[in-house]
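# Coordinate analysis (summary)
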Amino acid sequence: SAFFGMEAKTCKRTASTRCSTELDRSLPYCVKMAVYFDHHIEAPENVGSPSQIAWHHIHPLLAVASVSTSCIPGGSVDVYLEQGEHIPNSHIERPFQPALISWHPSKKVVATGWETGAVIFWSEQGVDEQQIAAGTHRAQITILEWGSNGTRLVSADKAGVLMVWRVDQHGRIQGLPLGKQDYGKQLTHCIFKPPAPGEDLVQLAKAAVSGDENALDMFNWRKVGKGDAPFKVGLQQGITCFVSATDGTVYYVGEKGKSLQVLRTDRPIRKLMYMEGKEILMVVTEALFLSQHSIALDGTSQELMKVKLSGKAGQKADIIWAESGLLITATGEIVIRLWDLDKDENYTLTLDEHLGFSTGEIINCISYSESKGIIAAGTRNGQIALWRKTLVNRSNGCRIEGKDQWKLQAPIDLEGNITQIKWGSSKNLLSVNSAGTVLILSEQVMSAHFNQQVAAIQVAPNQLSLTFFSSENQQMLRTDMHVKGVYVTKEIVAVWNGKHATVFETFGPSLRNAGSFPCDSSVLAVLEESIYTVEPNRVQVRTLQGTVKQLLVFNETEGNPCHLNICGNFLVVGTDTAHVKVFDLSRREAKPHCNAKNLAEHVPNLGSVASVKCSSNGNNVSILINRVNGTPDSRVFFYDVEMDTLNYFDFETGRPSSEICSVPRVEESDTEKGHSEMSELLGRYPISHFWDQNEPKLFVCEALLAISTSKQSKLHAAPETNCPEYKVEAMVVSFFITQEHGLLLQDSFPKVVSHEALLGLEVPYYYFSKKSGETMNETESKPGSPMSPQMVARRPLRDFVGLEDCDKTTRDAMLNFSFYLTIGDMDEAFKSIKLIKSEAVWENMARMCVKTRRLDVAKVCLGNMGHARGARALREAEQEPELDARVAMLAIQLGMLEDAERLYRNCRRYDLLTKFYQASGQWQKAIENAEGFDRVHLRTTYYNYAKHLEALGDHHLALIHYEKSDTHRFEVPRMLLEDLQALELYINKTKDKSLWKWWAQYLESQADMDSALKYYEKAQDYLSLVRVHCYLGNIQKASEIANETGNHAASYHLARQYEARDNVKQAIHFYTRAQAYNNAIRLCKYYEALHLCLEQNLTITEDMAEKMTVSKGSKELSEDFRRDLLERIADCCMRQGNYHLATKKYTQAGNKTKAMRALLKSGDTEKIVFFTGVSRQKEIYIMAANYLQSLDWRKDPEIMKNIISFYTKGRALDLLAGFYDACAQVEIDEYQNYEKALGALTEAYKCLSKAKMRSQGELEERLGQLQNKLTMVKKFVQIRRLYEEDRKEALKQCENLLGEPELDQTVRTGDVYALLVEHHAQQGSFEVAYKYMEEMTKKLPSVNVSYYINQQITDAVYKAVGVPIKANMVVESVRHNSAEDGEEVEEDVAEESYNGPED
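All chains use their own residue numbering, which begins from 1 and follows the written sequence. Under the rules for a predicted model, residues below a pLDDT of 70 receive no local features and side-chain atom pairs below 80 are neither given nor counted, while totals for whole chains, interfaces and linings still include all residues. In computing side-chain values, all of the structure's heavy atoms are included and hydrogens and water are not.

Right, let's get into helix α17 (residues 968-975). Within the span of α17, buried status applies to H968, E971, V972, P973 and M975. Any pair of residues with heavy atoms lying within 4.5 Å of one another is described as a contacting pair. Working definition: helices are DSSP H or I runs of at least four residues, strands are E runs of at least two. Numbering for both runs from the N terminus. Contacts from the buried residues of α17 go to α15 (938-952), α16 (955-964), α18 (980-990) and α19 (993-1005). Burial classes: relative accessible area under 20% of the type maximum marks a residue as buried, over 50% as exposed, and values in between as partly exposed (1.4 Å probe, protein chains only).

Given below as structure tokens:
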């Protein structure tokens, strides 16, 4: 069997170890690791295969019925003790098979029913076959049931005969049956109706006084069993029960066997149960139908409900009734099913493969321990599953219910198919029928001890894990005994089992046996070469080999020693008469350090001493006790040896005794500090305690929540919340104890979940044993340091976090600082550390300030650390009214997140706790805290978590939490916008009108109008429906919607549409439906006046227009309607040609563009220029420039200047470039001034280069054309200039220029020829001149030569060559490439500003 990853072999033993970890509350001061040891029953030879098992209700006795597996039929019944030992006189063997076994409820008596009808009894006196005579039953026994108080026995057989027997106080049958009934059919089940509490107590008391042991047992709870309640007492003459038959009939059976049929089911009955308090009988049939029946006093019944249970019908089902209202079933599936009848809810529990369970494991049988709150289940492949019930969520303290309250443990692995499993009378026993044998699993507490940097943890019955911290060595020690106790020193390991002791000593890296001797001592202690054991009235001082070398004698009054503890050189002894005595072991022989102290004289209600420990100087002894009733006391007592005083600290109240209640000076805020820290300690009891092995004033103990607190107080919710004030299960609390200052709380913290129990204290560490399977917590070791062993964990003291490896000087200084800080002596505290310069020390002291809540000291520490951020955060936190809230901020800055969480919870600042959880990424805790305590910020928490999940890419969970935060209408569409398919599915799924509207708006933006209309209709957004229909031109459909719905917004929008279309009648109608009566009246008043002017062709004068104009800010009409009316008046003026008035009204309406157009039509240049200047709008600048180009700008420099200015201000550089181009052409055509044309083209190119056009290609094309023009003109200008210097070269370039293919588009060809003709004519080369004139005529046939060449030169050439003069040649005067086309500039010409060359 596996235990903590190591093999534990049986080694010829019947016991082996089964892994499971429990907290043994029956041994409150041995809270250590607990495991299950399995013991095979020591069955007699030739015993067959086990068929049934049954535990006694009180005593650890197990009855096992077996059937023969050989060809010879037969069977037997045997009784075994808790470790499987067979009771010699209990073997009952017959040549027929046993059918039933049933224990008496209190006596050690078991009744066995056989297949022949025989009923045989066994008791401590042996087997008895005569109580029920042979032949009484002639068929197989099917019912054998004792009454709940043990005074009656009901037996029934397969033939249907039922008998009721009287039972005496010894558990024996008395005489003939009280009643007999023959039903003629097989009887299957029987259940007694539980008696009401307290019935016939007077008669029972009389019986107890007269010596009735049965009655005495019912009053004596100690004899009944530790922790078990007394039996309920019923009427001696009024016992009733219910029995069922195979045909589904249920009978009510009275005292004399008389019966009454109370109900009948349609299927055979599998289980009968009775719900106490509600008087309800529950019946489960073979078909897994559950019915509930109320039972009247006369035995009649009424069916209350009937349901079908889930599970495999027809399979063998194990059905148990656990606690009140909880039904658990196992029907051969991979799950068990639970149904809470009180809450009417059901759920299943499954096995987890990650914990080690086999895949598809079938569960056969179940058992429930109410005292432990554990469901045990056996599987087909030999595994045992344990589900532990947890009532409180550890993260937020809220009560959890249903499936979540059952926590599955690691499996216990056995062999074979488990057919039966039963919890024993003791909560530490579990029996299992598996693979032809029966095992008893016994839960035992494992031994552990820590001393002198050595820790020993028992991991198996005969195996220990040893850890030597000083050498960082770990060993496994195997012994030849079942270890019941262990004690270690740095050189010695001693183990014992109550009968024998073995001592091992270190020998290099290993251990060797130093001695072994018989020893009946239940406790043992070791110091150097001496071993201390106990026997009646004395303590034995032995050598390592067991030789007694000294006796420490106690008189009869002082009692028998039963507790030993050594710390330093002092031994403290506790006795069974509650005496405590200390011995000094520093000399060769032990000497008394004080007289024996009788605790019973000072402590009322003291039952026994549970544990004693002494300080390293022997001056203080701490004591834990049990009360008279056996329960642990909530106080830890402190005996001051020098002062001979006994004081205590009570964890129940959180207060010390008055003697040690003197407290030094405290700050005003310490009231809150004390309350918050002490509140964590209230309602507890100590389970272990230790003194530091070197520091005599440092003490630590571990305290658990008391049973009453954990089961009641802890689960009582506060009135304003659904969750209780959460308290951790186990707290570790340390104190400073001095004579001067008494008991001072030094530190307290919750025990880590992975830690099993506190082992001890030695500065700078606390030492803990670890739970099985728990891996090392990262906080337990620092990077670079050796890791703690697997079985033991170390936690630095609060004062030594980060200083674990400090030297002794620093260690002492830190302890003194902590002590002085605790008593409030700041001068001495800082004096003790003034020579320490380490930043780590200051950081550690700042951490101490979190525990002590000394923010004044924390500020000094942060300053020495250079922690500017922390100092600032602490300063900002000063505005918080609660001290704990301010201290929590300090804890956050120092990375002490657990402390911050606890502080926020203590001061009930759940708002800050929620923020803290969010900032630290603990989102689940943040949500649970907000749900339970901080509902104001619940939606914000959901939202922030959704944003976090979205950032992680978990859109599904983010979507859920956006919905919870009620922000999903905006956030989910934003999140899913890139996944439109998922977004559409979500919107259709949610059926949220807001989301439908948003989706419709999105579809509308994508021009999917049909789909948009569908979703607008789903969202009942009638305004949008009308708006879209109007946009699509479906105004009739829009009208129908507005009329049908009567929606005001839709009607208003539709009225505006009709008004824009001049349908005043419909506009007035829908304004009226929209209840916009002012608008309806306005239309009736003003629009009718306008309509009259148009219809009668009346000219609107300025006076009429002013009367129809509503002043700005008027309450008669809204601003929109006022502007609309002004535009309509202006439109009328435009139609009538009154452009100036139209301009005015358009301007009043704020529509300057229309005003400009009206002004342009008026042709009033001066007003156009003025209006353009005051409007300062790009579009108007361009319109004005375009208009001015249509005028004779060539003759008016002011107009040209305005054109250039307007294009420039309108940023229409492309149009300005065009204007410059036109100027150049004018200079060429009109004045032949190519120099000015060249300047104009240069400006045009500059403007066009800076222009921005929609088409880059078009821009480049225009630049290319302009560049060509610029090149040609520049060439011709250069030729004309060259002509003055080098005429021959100029003429040659003219020839070349004439060869250019696109010359005529820029430079007039006639001007080039004119230069050539004039030159040759002046030189007398008239023939050449004539030749050029002819070429020009051919190229320009429609052009008059005299247009380019002086008429005198022309006549001279013609005369010289003898050609008749061509007189009066009339040709069409076409200006080549002229920009004058006489057309009016359109209003929508693109805008440009330009600067033209001066004329």
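Let us look at the state of the cysteines. Each disulfide is one covalent bond, formed between the sulfur atoms of two cysteines. The disulfide criterion used throughout: a pair of cysteine sulfur atoms within 2.5 Å. This model, assessed by the stated rule, comprises zero disulfides. Not engaged in a disulfide, the cysteine C567 finds its nearest cysteine sulfur in C614; these two sulfurs lie 5.4 Å apart.

We now examine the pairing of strand β51 (residues 579-584). For β51, a buried count of six out of six residues is recorded, marking the element as mostly surrounded by other parts of the structure. Residues H579, K581 and F583 point to one face of β51 and V580, V582 and D584 to the other, with burial holding for every one of them. Pairing analysis gives five bridges linking strand β50 (residues 570-575) to β51, with the strands arranged antiparallel. Bridged to V572 within β51 is V582. Once β50 ends, the chain turns through three residues before running back antiparallel as β51, passing A578 with a positive phi of about 65 degrees. By definition, two strands form a pair when at least two bridges between them are found by DSSP.

Spatial ordering of the open sheet is given by β25-β26-β27-β28, a layout of four strands whose pairing is antiparallel. A strand with exactly one partner marks an edge of an open sheet, and here the two such strands are β25 (318-322) and β28 (345-350). The sheet shows a mean angle of 20 degrees between the axes of neighbouring strands, direction not considered. Bridge analysis of strand β26 (residues 326-330) against strand β27 (residues 335-340) gives four bridges, and the strand direction is antiparallel. Of the residues in β27, the one forming a bridge with I328 is L338. For helices, the fitted line uses only the C-alpha atoms of the stretch in contact; every axis is such a line through C-alpha atoms, and the angle between N-to-C directions lies from 0 to 180 degrees.

With that out of the way, let us pick up helix α12 (residues 897-906). Counting buried positions over the ten residues of α12 gives eight, a clear majority of the element. Of all the residues in α12, the buried ones are D899, A900, E901, R902, L903, Y904, R905 and N906. Positioned one or two residues after α12, R908 has a phi angle of 60 degrees, which is positive.

Take the environment of Q1036 next. Here Q1036 shows up in helix α22 (residues 1035-1045). On a C-alpha basis, the gap between Q1036 and V1026 in space is 9.7 Å, while along the polypeptide they are ten residues apart.

One can describe the packing of α17 onto α19 by two numbers: an axis separation of 10 Å at closest approach and a directional angle of 40 degrees. Judged on the interaxial angle alone, α19 and α17 are oblique. By crossing handedness, the relation of α17 to α19 is classed as right-handed. When α17 is examined against α19, the residues H968, R969 and P973 are found in contact with a partner set consisting of S994, L995 and W998. For classification purposes, an angle smaller than 35 degrees is called roughly parallel, one larger than 145 roughly antiparallel, one from 65 to 115 roughly perpendicular, and anything else oblique. Here is the rule for handedness: rotate from the far helix to the near one, and if that takes an anticlockwise turn smaller than a right angle the crossing is left-handed, while a clockwise turn gives right-handed.

A separate point is the packing of helix α23 (residues 1048-1060) against helix α27 (residues 1119-1135). Between α23 and α27, the shortest axis-to-axis distance is 12 Å and the interhelical angle comes to 15 degrees. In terms of axis orientation, α23 runs roughly parallel to α27. Taken as a pair, α23 and α27 cross one another with a handedness that is left-handed. Every residue of α27 that contacts α23 at Y1052, R1056, E1059 and A1060 is listed here: D1120, F1121, D1124 and R1128.

Right, let's talk about the sheet that holds strand β14 (residues 152-157) for a bit. Strand order in the open sheet made by the four strands is β13-β14-β15-β16, with antiparallel pairing throughout. If you trace the sheet from one side to the other, it starts and ends with β13 (141-146) and β16 (179-182), each paired once. Taking the axes of each pair of neighbouring strands and ignoring which way they run, one obtains an average angle of 10 degrees across the sheet. Relative to strand β15 (residues 161-166), β14 is paired through five bridges, and the arrangement is antiparallel. Note that in β15 the partner of S155 across the bridge is M163.

Here the focus is the packing of aromatic side chains. Two rings from Phe, Tyr or Trp (for Trp, the six-membered ring) form a pair when their centres are within 6.5 Å of each other. A pair whose planes differ by under 30 degrees is stacked, one over 60 is edge-to-face, and the rest are tilted. Within the structure shown, the criterion is met by 33 aromatic pairs. Note on F916 and Y917: the rings are 5.7 Å apart at their centroids and 45 degrees apart in plane angle, and the pair reads as tilted. Of the two residues, F916 and Y917, neither departs from the other in class, the shared state being buried. Ring geometry for Y1330 and Y1358: centres 6.1 Å apart, planes at 70 degrees, overall edge-to-face. Taken together, the positions of Y1330 in helix α38 (residues 1326-1339) and Y1358 in helix α39 (residues 1351-1361) put the pair 28 residues apart, joining distant regions of the chain. Look at Y1330 and you get partly exposed, because its relative accessible area is 21%. In this structure Y1358 comes out as buried when scored by relative accessible area, which is 5%. Among the aromatic residues, those joined into a cluster by ring pairs are F638, F649, F651, W691, F699 and F735.

Looking at the protein, the pLDDT average stands at 80 and 85% of residues meet or exceed 70. Note: pLDDT gives the predictor's confidence per residue, expressed from 0 to 100. Across residues 659-674 the pLDDT falls below 50, and counting only partners more than four positions away or on other chains, this stretch makes 21 contacts in the model. Every residue in residues 775-789 is under pLDDT 50, and counting partners more than four places away or in other chains gives 22 contacts.

With that out of the way, let us pick up the pattern of salt bridges. Close approach of charged atoms allows side chains with opposite charge to pair. Any Lys or Arg side-chain nitrogen located within 4 Å of an Asp or Glu carboxyl oxygen qualifies as a salt bridge. Within the structure shown, the criterion is met by 32 salt bridges. A salt bridge links R974 to E971; the nearest nitrogen and oxygen atoms lie 2.6 Å apart. With R974 and E971 both in helix α17, this residue pair falls three residues apart, about one helical turn. Using a relative accessible area of 33% as the deciding quantity, one classes R974 as partly exposed. Within this structure, E880, E882, R909 and D911 form a network of salt bridges that share partners.

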